[in-house]
Amino acid sequence: MHISEGVLKPEILIAGAVVSTIAVAIALKKLKNEEIPLVAVFSALFFLASFIHIPAGPTSVHLVLNGIIGAILNIRVFISIVVALLLQGLLFGYGGISTLGINTFNLALPALIGYFIFKIPVKNDLMKKIKYFFVGFLPVSLSAIFLSTTLALNGEAFLVAAKISLLSHIPVMFIEGIITMFALIFLEKVYPKILKEIK
Amino acid sequence: MKIITLLLICLSFLQAHKLYLMADDDGDKLYVKSYFTKSSMCQDCKVNIYDTNNKLLYTQNTDKKGRVTFPYTHKEVNIEVIASMGHKNQISYEGENEIKAEQKVEENESYTKILFSLLIIFSIFFLLKLVKK
């Protein structure tokens, strides 16, 4: 999911940086003091998820967990993700500094979708589980589509990479859907307050 | 005919005194075994381990079972065994396994970086909390 330095055209980098900066600024304005620990914990969770690798044919992909983070944090997910991506870029070479904006956009905006799916009212237990599955599945799918589109917009030479990046994330979409479903069911039972804290 | 038979018998004795040398590794240790025959181990024989530039890395004597263990720090080494009465053998050994010590150092460095990063994440949010106050 992380696009490395020196790959993308300046126009894409600038556009991503501008949109992400605005979103992070709005998120910082909305952020309350008492919400900061929760945002910090999910930033750490997002950071660690990148180290859990899933083999996908000739390559390997990693967990993202942007769906569940977005479901709980709402727009504040931009702050969580940008901090985690910054450190991944600086210390591990995952992504980069110039690509921070576009990477944040590709990961955090779909996470917001996770929040809106989470807020959909449902009638019964089965529908709730399906909803929770999609809280994990859809944001990752969208992130993979955004990533693929970003690469495709970069030029014809990246079309193959765009297709591979989309296809290789298909297993992650389903795994994340399942993990998110179980995680949200668990949180609902043991710590329901966390699902209602941020509005 | 008698001379040929006698010569063959003498040759077989020479074979019996040939010094065999075997080596294996598990990524962590290099195992060396030396023997004359399957029932005659090379006991208390000197084993030298050299790197590819013939620099002596380790030296140790075999035990009663003709075995000796060394740290596995180089993938390609030359192993020399020197027994009594001038018996000697040497082989070039290339390990199949990656050196675990190097892998461990890389893993440890990775874990350290992860912990350091988590510390920085929480520090950033702690500073943000102070600013927001």
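This structure is a prediction, so every number in the text was calculated from the model and none was measured.

Participant: What is the right way to read the overall build of chain A from this model?
Facilitator: Within chain A one finds 8 helices and 2 strands. Listed by position from the N terminus, the elements making up chain A come as α-α-β-β-α-α-α-α-α-α. Of the contacts made within chain A by residues no fewer than 6 positions apart, 75% connect residues no fewer than 24 positions apart. Summing over all exposed atoms, chain A offers an accessible surface of approximately 9,100 Å²; the carbon and sulfur share of this is 74%.

Participant: Can you walk me through the overall build of chain B in this structure?
Facilitator: The helix and strand inventory of chain B stands at 2 helices and 8 strands. Across chain B, helices and strands are ordered from the amino to the carboxyl terminus as α-β-β-β-β-β-β-β-β-α. With 133 residues in all, chain B has 27% of them scored as buried. Restricting to contacts in chain B with at least 6 residues of sequence separation, those with at least 24 account for 47%. Total accessible area on chain B is roughly 9,400 Å²; 58% of this is exposed by carbon and sulfur atoms.

Participant: What am I meant to see in the side chain of T104(A) here?
Facilitator: Residue position: T104(A) is located in helix α5 (residues 100-118). T104(A) sits in the buried class, given a relative accessible area of 0%.

Participant: Help me understand the interface of chain B and chain A in this model?
Facilitator: As a measure of interface size, the accessible area lost when the parts come together is often cited. In this complex, chain B contributes 15 residues to the contact, which on the side of chain A involves 22 residues. For the pair chain B and chain A, the summed buried area comes to about 1,600 Å², and 81% of that belongs to carbon and sulfur atoms. If you sort the residues of chain B by the area they bury against chain A, I121(B), F125(B) and K132(B) come out on top, with a joint share of 37%. If you look at where chain B meets chain A, you find 0 salt bridges. For the side of chain B that touches chain A, the residue count by class is 9 nonpolar, 2 polar and 4 charged.

Participant: Would you take a moment to explain the nonpolar core for this structure?
Facilitator: Soluble globular proteins tend to bury their nonpolar side chains together. Among the nonpolar cores identified, the biggest contains 69 residues, and I72(A), F78(A) and F125(B) are the most heavily contacted of them. For this core, the elements supplying multiple residues, two or more each, are α1 (10-30), α2 (36-49), α3 (66-73), α4 (77-92), α5, α6 (125-153) and α8 (170-190) of chain A together with α2 (100-132) of chain B. Per-element tally for this core: the top contributor is α4(A), with 10 residues. In this structure, L30(B), C42(B), F70(B) and Y93(B) belong to the second largest nonpolar core, which totals 18 residues.

Participant: Looking at this structure, I do not really get the environment of V7(A). What am I missing?
Facilitator: All names here are of chain A. Here V7 is to be found in the segment before α1. Between the C-alpha atom of V7 and that of F158, which follows or precedes it by 151 residues, the distance is 9.5 Å. Residues in contact with V7, not counting those within four places in the same chain, are N154 and F158.

Participant: Please explain the state of the cysteines as it appears in this structure.
Facilitator: Disulfides are covalent bonds that link the sulfur atoms of two cysteine residues. Residues and elements named next belong to chain B. Within this structure, the stated rule accounts for 1 disulfide over all chains. Two residues, C42 and C45, share a disulfide whose sulfurs are 1.8 Å apart. One disulfide, between C42 and C45, carries an S-S torsion of -105° and so falls in the left-handed class. Of the two residues, C42 and C45, neither departs from the other in class, the shared state being buried.

Participant: Looking at this model, I keep getting lost on the pattern of salt bridges. Mind explaining?
Facilitator: Any two side chains of opposite charge can pair, given that their charged atoms come close. Enumeration over the complete set of coordinates arrives at 4 salt bridges over all chains. Between E35(A) and R76(A) there is a salt bridge whose closest N-O contact spans 2.7 Å. With a gap of 41 residues between them, E35(A) in the loop between α1 and α2 and R76(A) in the loop between α3 and α4 connect regions that are remote in the sequence. Pair check on accessibility: E35(A) and R76(A) agree, each one buried. We note a salt bridge from E80(B) to K88(B), for which the minimum N-O separation is 3.4 Å. Relative accessible area serves as the criterion here: at 8%, E80(B) is assigned to the buried category.

What counts and what doesn't
- Residues numbered from 1 in each chain as written.
- Chains lettered and ligands numbered in written order.
- Predicted model: local features only at pLDDT ≥ 70, side-chain atom pairs only at ≥ 80, totals over all residues.
- Heavy atoms only, no water.
- Helix = DSSP H or I, 4+ residues; strand = E, 2+ residues; numbered from the N terminus.
- Contact = heavy atoms within 4.5 Å.
- Areas by Shrake-Rupley, 256 points an atom, 1.4 Å probe, with all protein chains shown as cover.
- Buried < 20%, exposed > 50% of the residue type's maximum accessible area, 1.4 Å probe, protein only.
- Buried area = accessible area lost by both parts, 1.4 Å probe.
- Salt bridge = Lys/Arg side-chain N within 4 Å of Asp/Glu carboxyl O.
- Nonpolar A, V, L, I, M, F, W, Y, C, P; charged D, E, K, R; others polar.
- Core = buried A, V, L, I, M, F, W, Y, C linked by side-chain atoms within 4.5 Å.
- Disulfide = S-S within 2.5 Å.

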